[in-house]
Every structure is written in C-alpha cells, then in structure tokens.
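# Chains, contacts and geometry: an overview
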Amino acid sequence: MKMSTLCYIEKDGKYLMLHRTVKENDVNKDKWIGVGGHFEHGESPEECLLREVEEETGYTLTSWRYRGIVTFVYGENVVEYMSLYTADGFEGEAIACDEGELEWVDKERVWSLELWEGDKIFFRLLDEDYPFFSLKLVYNTDDVLQYAALDGKPMELFDERNEDGSRTGVVKERGVAHREGALHATVHIWIVRPNDRSGYDVLLQKRSECKDSNPGCYDISSAGHIEAGHDYMESAIREMKEELGIEALPEQLQEVGFHRGGFEDVFYGQVFRDNELSKVYLYREPVDISCLTLQESEVSEVIWMDYRECLEKIRDGSLDNCIYIEEFDMVGKALGVQ
C-alpha cells in the first residue's frame, strides 16, 4: 500500500501536465498526469504536496485546494491512496522535470491526451466543481477500468463501441462517455397493444425530472445503457424489470433492428453528448399500466397513445419528447402501421 499526492496546477484556463516518458517500469509510462509523488516518512499530505511540486516543477505553491481521495487499484499488487489537489497560486521559476516533459495544456485539450480513463472521471468532477470526494478506481494489468465508485457508490461503466457495434476494449464511466460523445450501446423496448385506430397504441414513459438528460420528456417505453461486459437481451430484460416492474422473457421480445442516434445539448450547465447504438425491440404482451411499478429515479408516469397520433405529435413538436423519429418509423414498419 502506498500514499501519494497528485496536483493539477491551473493558469489561464490550462493545467500543468506531466508526460511520463522517462522511467521504463513506471505504471504511468506514456500517460499524462499532474505533478506529485509518494509520501516520505512522517509527512502530511500538504507537506508532500509542497515538496513534490517544488521538486518536479520549481514552483512554490501559494494557493491550493484539497479536492478528494483517489483509491487506485492496479492488478493484484498495486494499491495507492492519492490525495488530489488543484492549485491556482504559485511563485518561482520553472525547472526541467526528471520524470518527463511538463506542458501547459488547455483544459479542453487535456481530454484528448493519453489519460487513465479514471483520471477523466476526476477531471469531470473537477470541472463540475464537485464537493470533496472519495473515488475508487480498479484496473486490470491491461490498463482497462474494471470498477469505479464515487463516495462508496458504484458508478456506471460502458464498453466503448466501434461503428460495427464491436467493443473497442476501452471502458468508460457514464458521465465521461457523455462528456466525450463516445459511442456506446443501449437497448430500446417499445411496448405496444392493439387498438381500433391506427392498429396499435404505444406505451410512452415520461422521464423523471432528475434525469441527467431530457428531464420531463416523453420517451421510449423502456430503455437503458448496456453496462460494461453485458449484452443486449439481458440488458433489455433488466431495464423492463427495473423501470416498470415487468418480468419479460427473452422469447417475448421481438427484435426490430439497430438504430444509431445522437445529439448534443446542455443540461444543468454541462455539455451532454449522446452517441449510441441501440438495439430496438417490441413487446406485445398485455400490460395494465395501473399495475406497473415505476422506478422513481427514472420514470414519473406512463401513458398509452395511438401510434399515428404519437407520430404526428413528434413531427409537429406538440409532444415534449426525446424520441428519434427514424426509430419510431422503424417501429411502425415492424407493426405494419404507416
């Protein structure tokens, strides 16, 4: 077990980044990180911070902020507790660093550097001015993020996808994936019932007001992200159970096809970039909406609406919704309604 400090010095909208290129057996080899290092015997976090920053940069910090504790687990043998700081005041003259190359990097460009995926999580938290946090990050020895927890609560992790739907091998935290616009997989389940108008009603859910995107909008009957290491069918069954209390069987879900969707917007002052590959299903089993168990954090209500009426309302904008019209057309074709 090791203890260390990590500091991101700020100036003019930039972070001072260290490209770790020197030590061959460095777990951070070729990665871009902040400055810092391991505690010496008897040091406090602040004493370690000040000493390491001066040794690596030549700067003496005059203003800093303790932002969080990062528990870093790598493989079977590496466990490190990092005290994370940002600093916006310093004095002195810059020196060369024997750990690698120092460079002032625009905060937005930092995201394009070779970073640990977990580092992107705390960069997101720093950008959002999140209160003091405890972040746990677990990696395998291929540098793939396996687990993340914020203040003791597991975070959602997604497999990044190639255009053909295959996994790239990179695993990203939900907020990071939506910050970067990384392609990821989702499931969309449309619940339908016969009617005497267009032929079918569709069940619409109204998204909870606390959702991180499109709060309060009408949406697909049930939908959700595919967690890292999981697949489409098991995710579809899980989402129906969690959001609506419906215990569906695989044979009750009819595959419609895939839909590629995406948008960019701002919610709660933060840019949200969605880029998803969705497997679309139909569920035709009888559903009594008065007997559903709605997941409060996801769904505020559900309603039935005639397919053609819903299509018209999506087209003319009279329904506050976040439904992709191309996907809704796919559903109509599968139902034989146009």
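This part takes up the packing of aromatic side chains. Tallying each qualifying case throughout the model produces 20 aromatic pairs. Arranged with centres 4.5 Å apart and planes meeting at 10 degrees, the rings of Y66 and Y85 form a pair that is stacked. Linking Y66 in strand β5 (residues 60-74) with Y85 in strand β6 (residues 78-91), this pair joins segments that are 19 residues apart in sequence. On the basis of relative accessible area, Y85 is assigned to the buried category, the value being 0%. Judged by centre distance (4.7 Å) and plane angle (65 degrees), the rings of W116 and Y139 are edge-to-face. Placement of the pair is W116 in the loop between α2 (107-110) and α3 (117-127) and Y139 in strand β8 (residues 133-139), with a sequence separation of 23 residues. According to the relative accessible area criterion, W116 is buried, its value standing at 2%. When its relative accessible area of 2% is taken as the criterion, Y139 is described as buried. Connected via pairs of aromatic rings, a cluster forms that spans Y8, Y15, F122 and F123. Sitting over the ring of W104, K11 keeps its end group 4.6 Å from the ring centre. Lying across the ring of W116, K31 places its NZ or CZ 4.3 Å from the centre.

How each quantity is defined
Residues numbered from 1 in each chain as written. Predicted model: local features only at pLDDT ≥ 70, side-chain atom pairs only at ≥ 80, totals over all residues. Heavy atoms only, no water. Phe/Tyr/Trp six-rings, centres within 6.5 Å; stacked < 30°, edge-to-face > 60°. Helix = DSSP H or I, 4+ residues; strand = E, 2+ residues; numbered from the N terminus. Buried < 20%, exposed > 50% of the residue type's maximum accessible area, 1.4 Å probe, protein only. Lys NZ or Arg CZ within 6 Å of the ring centre and 35° of its normal.

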